[in-house]
Amino acid sequence: MAETMQHDAATAQRDDAPAAGSVCPACEAPRGTPYHAHDGIDLHRCAACETVYMHPLPSSETIAGFYENSYDGASTGYFAKVDKKLKRSRGRIKYLSRFVGSGAFLDIGSNGGFMVEAAREQGYRAVGVEIDPVSVEYARAHYPENEYFTGTVEQYAESGRQFDLAYCSEVIEHVPDVQGFAAATAKLLKPGAVLFLTTPDISHWRRPRTLTDWDAYCPPSHCVFFTPASLRGLFERHGFRLRSRRPALKPGIKLVLERV
């Protein structure tokens, strides 16, 4: 009887212990297990928060190498639809002005400067941070009344600047060090400032069942795939609270967060 009780206690202790595995970049739990493998790239899924991520994650230097002229110059690809980009940016800044109506605006991942320009038109003092130098050149040439920084948000956070409103769309899925990214974003925002954040949603009901059919599946460029809960949890740990979550018909997450 005593031996049985000891065996049961030992089994329970093993079951309660964290499962060995890769460390999740979002919640840092050591409970990632294999989720998907394709063309030599392995994805793991966190058993704690359900974030999916490359294992091993690419280095920051590898990621930076993707963003030299990442939009194929200023006459093709992304920059060929300028009118539509500006129109959409003006609609988004009009929505965000409901939360913070004036002050300093920061676009993290500002590419061609469209959102930065829309914010300036709305009356904000607007700054863009972008890692791709060709995109920054385009922004400076076409929207010269704004300020731009070429580099990462972590580098820009060392400036000591702080903002009232920030926008970060489809950026964090590219970042291997999401803890550093969230910490730098928090450092750049004043207490009470608002952050609008978007990224693909791996848990969305409309995400294709076959992962490689999903247009957001493009590792190693996209190396971290969040759920709404895991993205919210990451930023809550860095001093934010959720103000609202916008619905998304496509497999995406749209959060409005407040710096507390």
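Each remark here, short or long, concerns the structure printed above.
Residues numbered from 1 in each chain as written. Predicted model: local features only at pLDDT ≥ 70, side-chain atom pairs only at ≥ 80, totals over all residues. Heavy atoms only, no water.

A. Broad picture of the packing of aromatic side chains. Applying the stated criterion across every chain yields a total of 10 aromatic pairs. Judged by centre distance (5.7 Å) and plane angle (45°), the rings of tryptophan 214 and phenylalanine 225 are tilted. Taken as a pair, tryptophan 214 in the loop between strand E8 (189–200) and strand E9 (224–225) and phenylalanine 225 in strand E9 lie far apart in primary sequence, 11 residues in all. Exposure remark for phenylalanine 225: the relative accessible area of 1% places this residue in the buried category. Through pairs of rings, three or more aromatic residues link up here, namely Tyr95, Phe99, Tyr167 and Phe196. Lying across the ring of tyrosine 95, arginine 246 places its NZ or CZ 4.0 Å from the centre. The positively charged end of arginine 259 is found above the aromatic ring belonging to phenylalanine 240, 5.8 Å away from the centroid. (Phe/Tyr/Trp six-rings, centres within 6.5 Å; stacked < 30°, edge-to-face > 60°. Helix = DSSP H or I, 4+ residues; strand = E, 2+ residues; numbered from the N terminus. Buried < 20%, exposed > 50% of the residue type's maximum accessible area, 1.4 Å probe, protein only. Lys NZ or Arg CZ within 6 Å of the ring centre and 35° of its normal.)

B. Structural context of unusual backbone geometry. The residue after histidine 55, namely proline 56, is reached through a cis peptide bond having omega 0°. For proline 56, the location among the structural elements is in the loop between strand E3 (52–54) and helix H2 (60–65). Going from proline 219 to proline 220, the amide bond is cis rather than trans, its omega being 5°. Among the structural elements, proline 220 can be located in the loop between E8 and E9. One non-glycine residue, glutamate 28, adopts positive backbone phi at about 65°. Looking at where glutamate 28 falls in the secondary structure, it is placed in the loop between helix H1 (2–16) and strand E1 (32–38). With relative accessibility at 52%, the residue glutamate 28 sits in the exposed group. A positive phi angle, near 60°, is found at glutamate 170, a position not held by glycine. Mapped onto the secondary structure, glutamate 170 falls in the loop between strand E7 (163–169) and helix H7 (178–188).

Purely geometric stuff here, so don't read any function into it on its own.
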